[in-house]
Every structure is written in C-alpha cells, then in structure tokens.
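# Descriptive structure summary
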Amino acid sequence: MDTARQTLFDKLWQRHLMDQSADGEALLYVDRHLVYEVTSPQAFEGLRLAGRRPWRADTVLAAADHNVPTTPNERRSLTHIPDPLSRAQVQQLEINAREFGITAFSLGRREQGIIHVIGPEQGATLPGMTVVAGDSHTSTHGAFGALAFGVGTSDVEHVLATQCLAMRPMQRMLVQVNGLLAAGVSAKDLILEIIRRLGTAGGTGCAIEFAGAAIEALSMEGRMTLCNMAIEAGARVGLVAVDEKTIAYLEGRPYAPRGAQWEAAVAYWRTLHSDAGATFDHSLFIDAAAVEPMATWGTSPEQVLPIGGRVPEPAAEPDPVRRAGIERALAYMGLRPGTALDGLAIDKVFIGSCTNARIEDLRAAAAAIRGRRVAATVKQALVVPGSGLVKAQAEAEGLDRLFIAAGFEWREPGCSMCLGMNDDRLAPGERCASTSNRNFEGRQGPGGRSHLVSPAMAAAAAIAGRLVDVRREDVRRDLPGTPVLSAQIH
Ligand SMILES: CC(C)[C@H](C(=O)O)[C@@H](O)C(=O)O
Ligand code: SF4
C-alpha cells in the first residue's frame, strides 16, 4: 500500500491491526467499549460462566438508555419500569458493572443518558480510537476521527474478554459536500439527502468519510448527527477528519488526557485525516447549497424528500419491487400518492435520540418555537435530552422553560420515543414528526407513523400541528400557535 497517501480509514485500521489471515479477516484492538442494558446481559453472563473477567475494565463505560423511563426523576427508579424484561435488564447492568468493576452511569446518576451522547461528552470517545458497542449507531463516534462501529452480543462478550475483535476490511467511500448549507438547513437534512441519493444499501460494506467545506463548517454535534445516520445508508462506519473543532470540543472533558499526554495526543490527532490524493473506492459529491429541509414520507430513511415535495405515485415507478415497496409504505403511512408533505397534520412530536438530542439540537428546536405554543391538535410534544449533562446545560440556558411554556414536555434522558422499548410510544395510526433516525414500521410503537425531520423542523411542526417548511416566513406569523408572553419564558 502507498503509505504516503492513506485515507483516514486506512490510518485507523492499520494502527489497530493485530493480525490478518490470508482470507483477509483481521483482528483489531479495541480502545473503548460502550455497553448498555439491552445487548450486554448475555455477554456478561458468558464471562461469568467461563470464569473470565474483562481484559481491561477501564476501557468499558456502561449506561442505561433504551429501557429507562423518561418521566420526572422521582418516577425513575427500577420500580417505575413496568415491563419485567426491561426492568431486569436495567437492574442487571448495574449488577454486572459492580461485579466486573465497570463505571456505569445508571439510573439516578447525573451523567446517565444515551451511550452515543455520553461517550463524546465524557471525552471517552477520542480521535484515533477504535470504539465499539453492541448498537448499530456506534458509527456516531466516527465524528471524532475514531473508527467506531456496532457489534453483536457475542462480539460484546468477545471484546470484554479479549479487547479484540475479528473484522473484515471495509471499502472506503468519500462523501464530499462542497459549499455551505443554507439557513434553516441542518446536518440532519444533509444526511437525509445523502441517504436519499445513496439509498439504504448504498454504503454497504463501506466506511463513509464525510468531507468538504460544509462538513468543516459543521459543529461536532452536527458531525455526530451525520455519522450517526451513516448506518442508515448501509455503512458500518462514518468518519470525519480531526480539526481544531474536534480538539476544542474534547479539551478538559473528564476522560480526555491532560498535560503532556494531552499535548502528545493532540499532535497525533492532527495526523488523522485522509492524505491529499488518497484514493477511495466510491465517491459521492454534493452541493450543500442545494440541500433543503427534508422529511421522510415512508417506512425507510431513503423514502425521503425535501419538505416541498409530494408523496410519490407508485404508478410512476418502473421497477416492480420498488413500486410494491412504495405501495406498502403508503398504505402503512396512511398517505395518498401526490399528497404534499408540507401541511401534513401530525399527532405527536419527538425531539430526542442519539441523532438529535445534544445541546445544539435543543437550541435549534427552541429557536424555531419563537415564542409560540404547541398547536392544540398535537397530543404530545416531547423534548428528551440525550444525557443528564445536556439536560443541565439546557436548563442553565433556560431552554427548559421555553419548551415548557410552549407546551412541550421536558423529560429525563434516554432513548425514549426513538423506539418502542419503553413507555414513550405512538399509538396505532398516530403520526409523529421525529428527530430520530429510523422510521421503520412499528419503530415508535405498533402502527405508529414516523416522519424523520431535523430538530428545527420538529419544533416548527409542533407549533403548526403539521409538517411545515421551517424556512417559510408564515411559520413565524400565521400559524395556529398562540404567542407565549415573554414573562412566561423568563
Ligand atoms: C437495540 C439496539 C440493538 C438497536 C441498534 O442496534 O441500533 C437500537 O439502538 C436501534 O436504534 O435500533
Ligand atoms: S436513541 Fe434510538 S437509535 Fe439511538 S441508541 Fe437509542 S434506540 Fe438506538
């Protein structure tokens, strides 16, 4: 290999390669392992049965996120988890962490939250690391120039026991986003547009590196949103090169190195980018200025359009398999071909998830409210911070009061309505504007209908009671939401 012109993926891969067999299977060293209640119980039980201990318990960080209640803290102990399996999993995580000497941000701890929010927030995710978790959205951590991917439960056990993982090499894909995103258009809209172009299988077998002026201009939160959803384009890994924003974000975080170690680390991190002239197996070029606010209409993240679009006509699709897919999605979503997305009435709004529950997301949502109230026709509008620290930060900024005054529910951290594993769900037939990453059938509750949007779009939908283009002036003035007095906000 031409080591002078490596992609970021190559650099990370080589640095962690322990061994490689003739057929290409590689053994990688794992630097950071994030565990949570759903995919870890059998892994710990496996260790116990084999009489093993974790090889490096100090590299493991645990948190309860998928199954936890998000109701106020006094209603957030184990006894408030009605589902016995969920309760057992959350309880078992605490038992396992104690027995095996692992730091756990369990229910009741201030730092508790979604593992993909906590890792970077704690500085436990660092550039140059391999980061794994038994969760597909581990790709999120690639925003820091880390090689991060989801693994299955048996691999969780394997990594706990050996700190290594068998992997097949990936292909390298470059998604180059030139120019800048327009006002009102966010990282979420950009990744939805990328998925629209690539399709849900377009990135299969690939590590996608996001590069270009638009990516450089994004905050770390925006980059995490992008990498989070790389998996929805079929890729296992999303990556962004390290720059000054990456370094500034991490400085002083609890798990980040300090003093001379910090200096040495930063010097190494600055090498974590693709070299000029490095070659990729695939590439996609996007003009950022042309990206618009997006909303999904179907039951797959690729079934997405700019908000000004109309639900497609199955009859116009020549491919019979795709046509049947559109028909099925429209039937499930209760939509007629040709319906405008802008104006579609919604029942619920969910602002949260590992895609969009960081401080910047909450700020964007709060800004889109602009002193108005949630429409009377909206049954529930939830704001669920991604972690206890995000929640505290938002409260310090007064965002909680803004949301509450507008009629949103301000919740405790967790995966919440992103998936139907806890009490926050859609009822059958309910339509939801959601900042999460998956709109599969039943994802937010059996029969629930999800429209994936950005935080600003979700907040605007809550106020309007329907999907709206957040850029439009009438979102500001003429929608049904009644103004909230500033006295109520401050
Ligand atoms: C429960 C878990 C295995 C799953 C995942 O891997 O992504 C979940 O987090 C999801 O978002 O669907
Ligand atoms: S917030 Fe949603 S996507 Fe993220 S880990 Fe939780 S369930 Fe999975």
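Residues numbered from 1 in each chain as written. Chains lettered and ligands numbered in written order. Predicted model: local features only at pLDDT ≥ 70, side-chain atom pairs only at ≥ 80, totals over all residues.

The following threshold applies: UniProt positions are given in the numbering used here, feature names are shortened, and annotations may be inferred rather than shown by experiment.
As annotated in an unreviewed UniProt entry, the chain carries the name 3-isopropylmalate dehydratase large subunit and comes from Sphaerotilus microaerophilus. Its UniProt record gives the chain a comment under Catalytic activity (unreviewed entry), which states: "(2R,3S)-3-isopropylmalate = (2S)-2-isopropylmalate".

## Quick notes on the overall build of the chain
What counts, and what does not: What counts as a helix is a DSSP run of H or I of at least four residues, what counts as a strand is a run of E of at least two, and both are numbered from the N terminus. In this description the radius of gyration comes from C-alpha coordinates, and the expected globular size is given by 2.2 Å times residues to the power 0.38. Three classes are used. A residue is buried when 20 or more other C-beta atoms lie within 10 Å of its own, exposed when 12 or fewer do, and partly exposed in between, with C-beta atoms placed from the backbone.
For the chain, the count of helices and strands is 17 helices and 19 strands. Scaling as 2.2 N^0.38, a compact globule of 490 residues should have a C-alpha radius of gyration of about 23 Å, and the chain matches this with 22 Å. Based on the C-alpha atoms only, the size of the chain along its principal axes is roughly 60 × 50 × 45 Å. Considering the chain as a whole, with its 490 residues, one finds that 53% of them fall into the buried category.

## Describing the site of ligand 1
Just so we agree on the cut-off: The rule is simple: place the C-beta atom from the backbone, and if it lies within 6 Å of a molecule or strand, the residue is near it. Under the scheme applied, nonpolar residues are Ala, Val, Leu, Ile, Met, Phe, Trp, Tyr, Cys and Pro; charged residues are Asp, Glu, Lys and Arg; polar residues are all the others, including Gly.
Looking at ligand 1, the residues that line it are Val38, Thr39, His66, Asp135, Ser136, His137, Gly150 and Leu419. In terms of residue class, the shell around ligand 1 is built from 2 nonpolar, 5 polar and 1 charged.

## Brief notes about the UniProt feature "binding site: [4Fe-4S] cluster" (unreviewed entry) in the chain
We apply this condition: Our contact criterion uses C-beta atoms placed from the backbone: two residues qualify when those atoms are within 7 Å.
Listed under "binding site: [4Fe-4S] cluster" (unreviewed entry) in the UniProt record, and renumbered for this structure, are Cys354, Cys415 and Cys418. Spanning 65 residues, the named residues form one tight spatial group whose C-alpha atoms are at most 8.8 Å apart. Residues contacting Cys354, with those up to four places away along its chain left out, are Ile114, His116, Val117, His137, Thr140, Asn228 and Gly386. Structurally, the position occupied by Cys418 is in the loop between strand E17 (409-410) and strand E18 (431-434). Since 29 C-beta atoms lie within 10 Å of it, Cys418 is described here as buried.

## Looking at the nonpolar core
As a reminder, the rule being used: By convention in this section, buried Ala, Val, Leu, Ile, Met, Phe, Trp, Tyr and Cys residues joined through C-beta atoms within 7 Å make up a nonpolar core.
Of all hydrophobic cores here, the largest spans 152 residues; its most connected members are Ile208, Val349, Ala461 and Ala462. Per element, the largest residue contribution to this core is 9 residues, and it comes from helix H15 (residues 455-464). Ignoring anything within four residues of it in the chain, the contact list for Ile208 reads Met173, Val175, Gly203, Ala230, Ala233, Ala235, Val237, Gly238 and Leu239.

## Let's talk about the site of ligand 2
Looking at ligand 2, the residues that line it are Asp65, His66, Ile114, Asp135, His137, Ser353, Cys354, Cys415, Cys418, Leu419, Ser436 and Asn437. Residues of the shell around ligand 2, tallied by class, amount to 5 nonpolar, 5 polar and 2 charged.

## Comments concerning helix H14 (residues 399-406)
Going by this rule: The arc in question is the one traced by the directions running from the helix axis out to the C-beta atoms.
Leu399, Leu402, Phe403 and Ala406 are the residues of H14 that are buried. Mapping the buried residues of H14 onto a view down its axis gives an arc of 95°, with all of them on the same face. In the stretch just after H14, Gly407 is the one whose phi turns positive, near 105°.

## Examining the sheet that holds strand E16 (residues 380-383)
Applicable threshold: Two strands are counted as paired when DSSP detects at least two bridges linking them.
Strands sit in the order E17-E16-E15-E18-E19 across an open sheet of 5 strands; the sheet is parallel. Both outer strands of the open sheet, E17 and strand E19 (449-452), are each paired with one neighbouring strand and no more. Inspection of the sheet shows strand E15 (residues 348-351) paired to E16 by 4 bridges, in the parallel sense. Paired with Ile351 across the bridge in E16 is Val383.

## Section: unusual backbone geometry
The residue Gln163 is not glycine, and still its phi comes out positive at about 70°. Structurally, Gln163 is set in the loop between helix H5 (153-162) and strand E8 (164-167). Here the phi dihedral of Arg370 falls at roughly 45°; this positive angle occurs in a residue that is not glycine. Take Arg370: it is sitting in the loop between helix H12 (359-369) and E16.

## Let's talk about the confidence of the model for the chain
Heads up, the rule is: What pLDDT conveys is the predictor's confidence in a given residue, as a value from 0 to 100.
Looking at the chain, the pLDDT average stands at 95 and 96% of residues meet or exceed 70. Counting contacts from residues 476-490, a segment whose pLDDT is below 50, to residues more than four positions away or on other chains yields 28 contacts. Of the two predicted TM-score estimates for the complex, the pTM is 0.96 and the ipTM is 0.99.

## What about the sheet that holds strand E2 (residues 26-29)?
Sheet strands pair via backbone hydrogen bonds, and the direction of the pair is either parallel or antiparallel. Rule in force here: Helix axes are fitted only over the stretch in contact, all axes being lines through C-alpha atoms; the angle between N-to-C directions runs from 0 to 180 degrees.
With respect to topology, 3 strands assemble into an open sheet ordered E1-E2-E8, the strand pairing being antiparallel. Both edges of this open sheet fall to strand E1 (17-20) and E8, since each of them pairs with a single strand only. Direction aside, the axes of adjacent strands within the sheet are offset by 25° on average. Two elements, E2 and E8, share 4 bridges in a ladder whose sense is antiparallel. Looking at the pairing, Tyr29 lines up with Cys164 of E8.

## Focus: the packing of helix H2 (residues 41-50) against H5
Between two packed helices, what matters for the description is the angle formed by their axes and the separation of those axes. This is how it is decided: To sort the angles, those under 35 degrees are grouped as roughly parallel, those over 145 as roughly antiparallel, those from 65 to 115 as roughly perpendicular, and the leftovers as oblique. Two helices that cross are described as forming a left-handed crossing if the nearer one is turned anticlockwise from the farther one by less than a right angle, and a right-handed crossing if clockwise.
Two elements in contact, H2 and H5, have axes separated by 8 Å at closest approach and are oriented at 45°. On the basis of their axis angle, the class for H2 and H5 is oblique. Crossing geometry of H2 relative to H5 is assigned as right-handed. Of the residues in H5, those in contact with Gln42, Ala43, Gly46 and Leu47 of H2 are Thr153, Val156, Glu157, Leu160 and Ala161. Among the residues forming the contact of H2 with H5, the class breakdown is 5 nonpolar, 3 polar and 1 charged.

## Re H2
Along H2, the residues classified as buried are Pro41, Ala43 and Phe44. Projected onto a plane normal to the axis of H2, the buried residues spread over an arc of 170° and lie on a single side. The exposed residues of H2 that point more than 90 degrees off its buried face are Leu49 and Ala50. Gly51 sits one or two positions beyond H2 and adopts a positive phi of about 70°.

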